[in-house]
There are 2 protein chains.
Amino acid sequence: MPARPTPPAAPPPLTEPVEDYLKAIYELETRSGAAATSDVAQALRVAPASVTGMIRRLATQGLLDHVPYRGVQLTDLGRRAALRTIRRHRILETYLTQVLGYAWDRVHDEAERLEHAASDDLIERMSAALGHPTADPHGAPIPTADGRVDERTHRTIADLAVGETVRMLRVSDKDPELLRYLAGIALQPGVEITLLSRAPFDGPLTLRVADGEPVVGSTLAAQVLIEPLPARNAQRAVTPTGDRNTTTDARPRSARKSAR
Amino acid sequence: MPARPTPPAAPPPLTEPVEDYLKAIYELETRSGAAATSDVAQALRVAPASVTGMIRRLATQGLLDHVPYRGVQLTDLGRRAALRTIRRHRILETYLTQVLGYAWDRVHDEAERLEHAASDDLIERMSAALGHPTADPHGAPIPTADGRVDERTHRTIADLAVGETVRMLRVSDKDPELLRYLAGIALQPGVEITLLSRAPFDGPLTLRVADGEPVVGSTLAAQVLIEPLPARNAQRAVTPTGDRNTTTDARPRSARKSAR
DNA sequence: GCCAATATTTAGTCTCGCCTAAAGATTGAG
DNA sequence: CTCAATCTTTAGGCGAGACTAAATATTGGC
């Protein structure tokens, strides 16, 4: 039995907790600019000391850089791994809602477990079956297989001026109760929203959504991301809802670098 | 914060290794009548000592009974858990082939990972989307959600008499190479098989399958399970392929206990 | 610029599954 | 019936990933 030369020594696949850490750190990093130990601990519902230990391990594996008492930063390797997991999660969420009839407040937990078990092949088949969607049911952009994603930041309903009309873009997938509430007032990605009035001192806002006029608190308002309406006489031929959340790479290579 | 009375103290969900052990033990038990430590070790590619340790843990959890140096036997609880995992596995395999276009030699590994992550809800949605199939792509019967399954044993091609015509029922899902080979000679569940001739001393068999006449070795022949052709003028109204592998419980409750 | 509050890390354990090596039980050949 | 070959179990460890308690670093208020 001749010992095979062990060609490039395949890197062992990441464990489930490792994927969760990378995903959480990625999200903290892009959202708040930095990822503190305690933030990661809170996101993963784990003791801070556990985070310190895991961070040391991830650093030795070249997935992130760690300056003690300062914080962590994903390396390219770590970021790619995080985006791979996020892609899986969002394609799974989309598939579960579009094909299997899940309500949008029920897909998060399911996707959270499946994202660690599904093969790349399965994810790509699901993506193809969906026509390669660029956004999940909550409006979050789906990273491409080669790890690119639209990371632009957006305004929220809380930032609206009275009388302004915009389109709902996105909301977090993590709070089922919020999602059910939003569905109840017809607030879902793609719908048009007009701010009719706002009470002073961070008070409730009155919106026009579809044919309703829901009144929402400022906390909720700050969680709903929006985008401008498309130009009135669309010069770029796009479908009304198909264009939101287009990742930079979903467009042909020739068209890149122009946006952002 | 009043300490909630902790109602019935929900049993913690089984871990992935535990599900794998129960599944392997179930299969050894129903196939060979008993499950020896070393058989389990071989099935799970784990050291025998590890099996002893795990078995002790499973016994304390009431999932199986263990007589040292003798063997193990699943309790009702353990059998139910095993069948739940097997149901998941087989529905997943069916879904992957029928809906997502997987080849039948590629579904085993994928299902093996997903079966631990999918919720009951997901599995039932997939089952419904498939019209509640009773057999997986390899012909294995799918246990019902309440844990019943057709456990009848069957003859194999190796048992055929020359000139006999039967229907292929089932083959193991675990050997991709075998599955590809079978697909190449049109051997798949549901097809009719006639034994044209057999060489003496356990020699190769010549079959008629579809419009081919493949010659197969006795090892392969012993792995392909068969069933009798349905009665010529079917008195029970059944679809030709729909009746194979019907679990005892797929029929209305009123019809149970009659078969077997 | 000091000190207290807060954040982070270290130190020491724990459980789960796995391993190897060695000891003990069973079985079958003669 | 006995002994060697073959299980099976015990003993002792290891790595991942979590925890608590205690030590240490940073920061913000004054």
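These remarks concern the structure in this document.

Rules and cut-offs
- Residues numbered from 1 in each chain as written.
- Chains lettered and ligands numbered in written order.
- Predicted model: local features only at pLDDT ≥ 70, side-chain atom pairs only at ≥ 80, totals over all residues.
- Heavy atoms only, no water.
- Salt bridge = Lys/Arg side-chain N within 4 Å of Asp/Glu carboxyl O.
- Helix = DSSP H or I, 4+ residues; strand = E, 2+ residues; numbered from the N terminus.
- Buried < 20%, exposed > 50% of the residue type's maximum accessible area, 1.4 Å probe, protein only.
- Pairing = 2+ DSSP bridges.
- Least-squares fit on C-alpha atoms with pLDDT ≥ 70 in both.
- Contact = heavy atoms within 4.5 Å.
- Buried area = accessible area lost by both parts, 1.4 Å probe.
- Polar contact = N/O pair within 3.5 Å; in protein donor to acceptor, adjacent residues only side chain to side chain.

Quick word on the pattern of salt bridges
Residue and element names in this part refer to chain A. Under the counting rule described, the total for this entry stands at 34 salt bridges over all chains. With a closest N to O distance of 2.6 Å, Glu124 and Arg87 form a salt bridge. Here Arg87 lies in helix 4 (residues 76-98) and Glu124 lies in helix 6 (residues 120-129), a separation of 37 residues in the sequence. Judged by its relative accessible area of 10%, Arg87 falls in the buried class. Taken together, the shared-partner salt bridges in this structure form one network comprising Lys23, Glu112 and Glu115.

Focus: the sheet that holds strand 7 (residues 215-216) of chain A
All names here are of chain A. Strand order in this open sheet of six strands is 3-8-4-5-6-7, and the pairing throughout is antiparallel. Looking at strand neighbours, the two that pair on one side only are strand 3 (155-156) and strand 7, the edges of this open sheet. Here strand 4 (residues 165-170) runs beside strand 5 (residues 192-198); their pairing, made up of three bridges, is antiparallel. Paired with Arg167 across the strands is Glu192, a residue of strand 5.

With respect to the relation of the copies chain A and chain B
Take chain A, turn it by 180°, move it 0.0 Å along the axis, and it overlays chain B with an RMSD of 0.1 Å. Both chain copies can therefore be described as sitting about a two-fold axis. Mapped onto chain B, 100% of the interface residues of chain A are again interface residues, and the two copies thus contact each other with one and the same surface.

Here's the deal with the interface of chain A and chain B
Between chain A and chain B, the residue contacts involve 18 residues of the former and 18 residues of the latter. Together chain A and chain B conceal approximately 1,500 Å² of surface at their shared face, both sides included; 53% is due to carbon and sulfur atoms. Considering only the surface of chain A that becomes buried against chain B, A:Leu100, A:Ala117 and A:Arg125 emerge as the three largest contributors, covering 36% of it. Residue A:Asp121 is joined to B:Arg106 by a salt bridge in which the shortest nitrogen-to-oxygen separation is 3.2 Å. Counting every contact that joins chain A to chain B gives 13 residue pairs in polar contact (both at pLDDT 80 or more). Contributions of two or more residues to the side of chain A that touches chain B are made by helix 4, helix 5 (107-114) and helix 6 of chain A. Looking at the side of chain A that touches chain B element by element, the count peaks at five residues for helix 6 of chain A.

That's the geometry; what it means functionally is another story.
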